[in-house]
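The chain contents come next:
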Protein chains: 2
Amino acid sequence: MRFVIIGGDAAGMSAASRARRNDPELEIVVLERTDDVSYSACGMPYNIADPDRPMEELVVRRAEVFRRKQNIDLRTGHCVEAIDPAARTVSGSVRGGERFVEPYDRLLVATGARPVVPDLPGIDRDGVVFLKTLEDGRRIKTLLAARGVARVAILGMGYIALEMAEALRSRGLAVSMVKPRPGLLPWMAPELSAVVRARLEAHGVELHDGRRVERIDSEGDRLRVVGPELDLPADLVLAALGVVPNSEAAAEAGLELGPSRSIAVDRRLCTSQAEIYAAGDCADAFHVVTGRRVYVPLALRANRAGWAVADNVCGRPTELDGVAGTAVFRVFELEVARSGLTAAEAAQEGFDPVAVSIATPSRAHGHPGGDRIHVQLLGDRASGRLLGAQLVGVEGVAHRIDAVAVALHAGLTVARFAQTDLAYAPPFGPVWDPLLTAAHQLLKLLERGS
Amino acid sequence: MRFVIIGGDAAGMSAASRARRNDPELEIVVLERTDDVSYSACGMPYNIADPDRPMEELVVRRAEVFRRKQNIDLRTGHCVEAIDPAARTVSGSVRGGERFVEPYDRLLVATGARPVVPDLPGIDRDGVVFLKTLEDGRRIKTLLAARGVARVAILGMGYIALEMAEALRSRGLAVSMVKPRPGLLPWMAPELSAVVRARLEAHGVELHDGRRVERIDSEGDRLRVVGPELDLPADLVLAALGVVPNSEAAAEAGLELGPSRSIAVDRRLCTSQAEIYAAGDCADAFHVVTGRRVYVPLALRANRAGWAVADNVCGRPTELDGVAGTAVFRVFELEVARSGLTAAEAAQEGFDPVAVSIATPSRAHGHPGGDRIHVQLLGDRASGRLLGAQLVGVEGVAHRIDAVAVALHAGLTVARFAQTDLAYAPPFGPVWDPLLTAAHQLLKLLERGS
């Protein structure tokens, strides 16, 4: 059997490697557009922070290792342009030149996502950069090293924008951030996002939220980000406005699309064509709280979906429960995490959401050090079910959110979650874990309402 | 109604405070043997580590605050010696003198636990100390300050013994630890306890496990811990050999006892006498994995059980699920955590336990810093159920265990746990969380066996 994979990043190479482990005989062909495969894209901001670390440190396994040690026919520089489900072939060109047509028995579309390119005059100027591929990362590092960059403007205030703000500040650069809608991290409870904002401002990051950008001008080597109430000089402009799935070839081949034009897959990662799978940042997933399709392009899901495809292709039927929408990032000293739904999402999905926000010490009474930890917990008035959580603090956030993620997978009520036997020792939290304190307060609100 | 509480520590004062919040009219009497109420006992080793911090920092709320602000009739120095369920009275003496008899409508026995006193000649010598009450802590600090202590011998190698070893080393003292049975933390997977042992030894703690102590001799101000293969000079000897429940009065009153002579309670915290409750370190609990009674005297359970008693006394029927056996402690740079059953416990409870141990980096590929994180995960071959976990590492252990605790409460299988959407960002772990990597490996073993 011939298993063809379009895309050699997290989902694609996870699938290829696991398929090989499952079946030493399977013919595995990976067609990758760029020259890079299997790297830690999420690590790029931290790598960019350090001028002395080569970007190559982020490569998990090099192409020749896949070829030689795993007998995977990995072809870089191969851009797939069309999928023909009737003929069971994919076709495209090698670096825009020589054409190829490859037959498949099973196909995995793991084409990933690409940065949103805003429709702005000047977005194509030299010195305007994006950060998605390793090549993007190399380009940014080269520009930072060569160009005498002192000021960077970032369009967007999402995870990557914030991680890059930290990275650039740590290199001593002036950083300003712009976005059209008011509010930093609008999905967060305002009292929590205020904590993040204060920390960014304390580190000298200029925040211009609620400011529309009209164009990017240039003056010699320098750029200006210009809008009705905005005129930011910058040596470098980073556009970090989110991603869109690379689903065009799939859509043209007639595959069904899900939210945000991601490729719709079932729990087996099968698309609307039985022999075609999709995984990674081009595909959707079921949300474990709502049971509905969502587009949450994150690394764990990509790897996990790649594995599941390999198992299904190799005759080991595997279904994935879905995603809980868990995410964490660091920005300066703060850890910021979420899992589950936000209040707005919950209301939209037909729940009757009730939220509680608390701040408690991050260590036990009388224990030296620590700081405050901020928790928002969300429950459903009708069912009593736990719907989601958000956490912000300088310690104890990144892994504490996992307790919520597991509770969401298990469908626990707030009442049952409030009874869980979470770990306690003075250096790590109060006797009543902040999650339990929040759960108890939420429980009171839920009971009051019923 | 008159609610009498024996014991003014975690369980007792939690119950008193919550009962007052529930019912402003309730007559609440607390009879406490010592002069201290409501303090963070778990914080004592960290306080002892710092000569300049007064022990009083650990007091959460002082007795007069309970009396004045919460209208709780809190009587310190009151030692209850007998419970008469037929007459519904408790009786005892005030500081060994004046007798008292107090009637009750509802009684909470929250008498806590006391340190195990080994049957050793010389255990009563001056300079041999225990650590359970705040008064014990004060005594140790006074001795450390006044006595010119340079060498401490610790009998026992449990949580408190290890926390104290760190505290004493941080004060520059020589520390040796002794226990009769071989093996540090024998409940741990050997490959994990080896990590703890290496760290203790790196910090100059002398470990004498598998050495019997016969007696404690004295030479002037100095002590010697002596056994067949042992002769340890010490200025101070700390006996930290675990605790036993203070259940004698309850037993004499005819209340049923559970494991380790703890007071048996149902899910409502009721003893075998309907109007008598028990909570805290004197009482047992149901284990959420086995459903059986266990004695796990830890702080969160004590507080939670106190609350549940107050709710039940005040006509708000409340049942507790039980404990997952979650515990965490820090020893030097290491975080050590567990939840659920050990392999030995699981076998004893009739499961068919299968264990896997892994060590993975604590941060993502290519991310600077971090260390290894060691995970042991345990599942049941017959049911596929997750049974327990143990973690050791310099970061990411203390809260990561909570994901396991929640999974145990929810009764998840290893397969479902392996699908959970745990948080990922490069500073906090690999894409595949160590718990997920362990779950996948455990799953393979479980499948192979079936």
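Nothing here was measured: the structure is a model prediction, and the numbers come from that model.

*Asks:* Would you take a moment to explain unusual backbone geometry for this structure?
*Replies:* Only a minority of non-glycine residues have a phi that is not negative, and only a minority of peptide bonds are not trans. Here the phi dihedral of Phe332 of chain A falls at roughly 55°; this positive angle occurs in a residue that is not glycine. You can see Phe332 of chain A is positioned in the loop between β21 (327-331) and β22 (334-340). The backbone of Arg95 of chain B sits at a positive phi, close to 45°, despite the residue not being glycine. Mapped onto the fold, Arg95 of chain B is located in the loop between β5 (89-94) and β6 (99-103).

*Asks:* Is there a simple way to explain the environment of Ile358 of chain B in this structure?
*Replies:* Residue and element names in this part refer to chain B. On the secondary structure map, Ile358 appears in strand β23 (residues 353-361). A residue is classified by how many C-beta atoms lie within 10 Å of it, and Ile358, with 19 of them, is partly exposed. In sequence terms Ile358 and Arg372 are 14 residues apart; their C-alpha atoms lie 9.8 Å from each other. If near-sequence neighbours (up to four positions away) are discounted, Ile358 is found in contact with Val375, Pro434, Thr437, Ala438 and Gln441.

*Asks:* What am I meant to see in the packing of helix α1 (residues 10-22) of chain A against helix α8 (residues 299-313) of chain A here?
*Replies:* Two quantities define a packed helix pair, namely the angle between the helix axes and the distance between the axes. Residue and element names in this part refer to chain A. Across the interface, α1 lies against α8 with an axial gap of 7 Å and an inter-helix angle of 35°. By crossing handedness, the relation of α1 to α8 is classed as right-handed. On the side of α1, the interface is formed by Ala10, Ala11, Gly12, Ser14, Ala15, Arg18, Ala19 and Asn22, while α8 contributes Ala299, Ala302, Asn303, Ala305, Gly306, Trp307, Val309, Ala310, Asp311 and Val313. For the contact of α1 with α8, the class distribution of residues is 11 nonpolar, 5 polar and 2 charged.

*Asks:* Explanation requested: the interface of chain B and chain A in the structure shown.
*Replies:* One widely used convention gives an interface's size as the accessible area the parts lose upon coming together. Chain B puts 51 residues into the contact, and the matching count from chain A is 51 residues. Elements with a contribution of two residues or more to the side of chain B that touches chain A: α2 (44-48), α8 (299-313), β21 (327-331) and α10 (401-410) of chain B. Grouping the amino acids of the side of chain B that touches chain A by side-chain chemistry returns 31 nonpolar, 13 polar and 7 charged.

*Asks:* I tried to follow the sheet that holds strand β2 (residues 27-32) of chain A on my own but got confused; where do I start?
*Replies:* The pairing of strands in a sheet happens through backbone hydrogen bonds and is either parallel or antiparallel. Residue and element names in this part refer to chain A. The strand order across the open sheet built from 5 strands is β3-β2-β1-β7-β18, with neighbouring strands paired in parallel fashion. Of all the strands in the sheet, just β3 (73-76) and β18 (276-278) have a single pairing partner and so form its edges. Between one strand axis and the next, the sheet turns by 15° as a mean value, whatever way the strands run.

*Asks:* Whenever I open this one, the relation of the copies chain B and chain A confuses me. Can you help?
*Replies:* Both copies of the chain are related by one operation, a rotation about an axis with a shift along it. When chain B is fitted to chain A, the residual RMSD is 0.0 Å, and the transformation amounts to a turn of 180° plus an axial shift of 0.0 Å. Expressed as a symmetry operation, the mapping of one chain copy onto the other fits a two-fold axis. Taking C-alpha positions as reference, the residue of chain B nearest the rotation axis is Ala403 of chain B, located at 2.1 Å. With an isologous cut-off of 70% or more, the 100% of interface residues of chain B that recur at the interface of chain A puts this contact in the isologous class.

*Asks:* Even after reading the chapter, I still don't get the confidence of the model for chain A, so can you show me in this structure?
*Replies:* If pLDDT is low for a region, its predicted coordinates should not be looked at in detail. Looking at chain A as a whole, the pLDDT averages 96, with 100% of positions reaching at least 70. Both scores are given for the predicted complex: the pTM is 0.97, the ipTM 0.97.

*Asks:* Sorry if this is basic, but what is going on with the pairing of strand β24 (residues 372-380) of chain A here?
*Replies:* Taken residue by residue, a regular strand's side chains alternate between the two faces of the sheet. All names here are of chain A. Along β24, 8 of the 9 residues are buried, which leaves the element largely enclosed by surrounding structure. Sheet topology places strand β23 (residues 353-361) next to β24; 9 bridges connect them, and they run antiparallel. The residue bridging Ala355 from the neighbouring strand is Leu378, located in β24. Where β24 lies against strand β25 (residues 386-393), 7 bridges are found, and the strand directions are antiparallel. Paired with Gln376 across the two strands is Gln390, which belongs to β25. Connecting β24 to the next strand, β25, in antiparallel fashion are 5 residues, including Gly384 with a positive phi near 75°.

Rules used in this analysis
- Residues numbered from 1 in each chain as written.
- Chains lettered and ligands numbered in written order.
- Predicted model: local features only at pLDDT ≥ 70, side-chain atom pairs only at ≥ 80, totals over all residues.
- Helix = DSSP H or I, 4+ residues; strand = E, 2+ residues; numbered from the N terminus.
- Buried ≥ 20, exposed ≤ 12 C-beta atoms within 10 Å, placed from the backbone.
- Contact = placed C-beta atoms within 7 Å.
- Axes fitted to C-alpha atoms, helices over the stretch in contact; angles between N-to-C directions.
- Left-handed = near helix turned anticlockwise from the far one by under 90°.
- Nonpolar A, V, L, I, M, F, W, Y, C, P; charged D, E, K, R; others polar.
- Pairing = 2+ DSSP bridges.
- Least-squares fit on C-alpha atoms with pLDDT ≥ 70 in both.
- pLDDT = per-residue confidence, 0-100.

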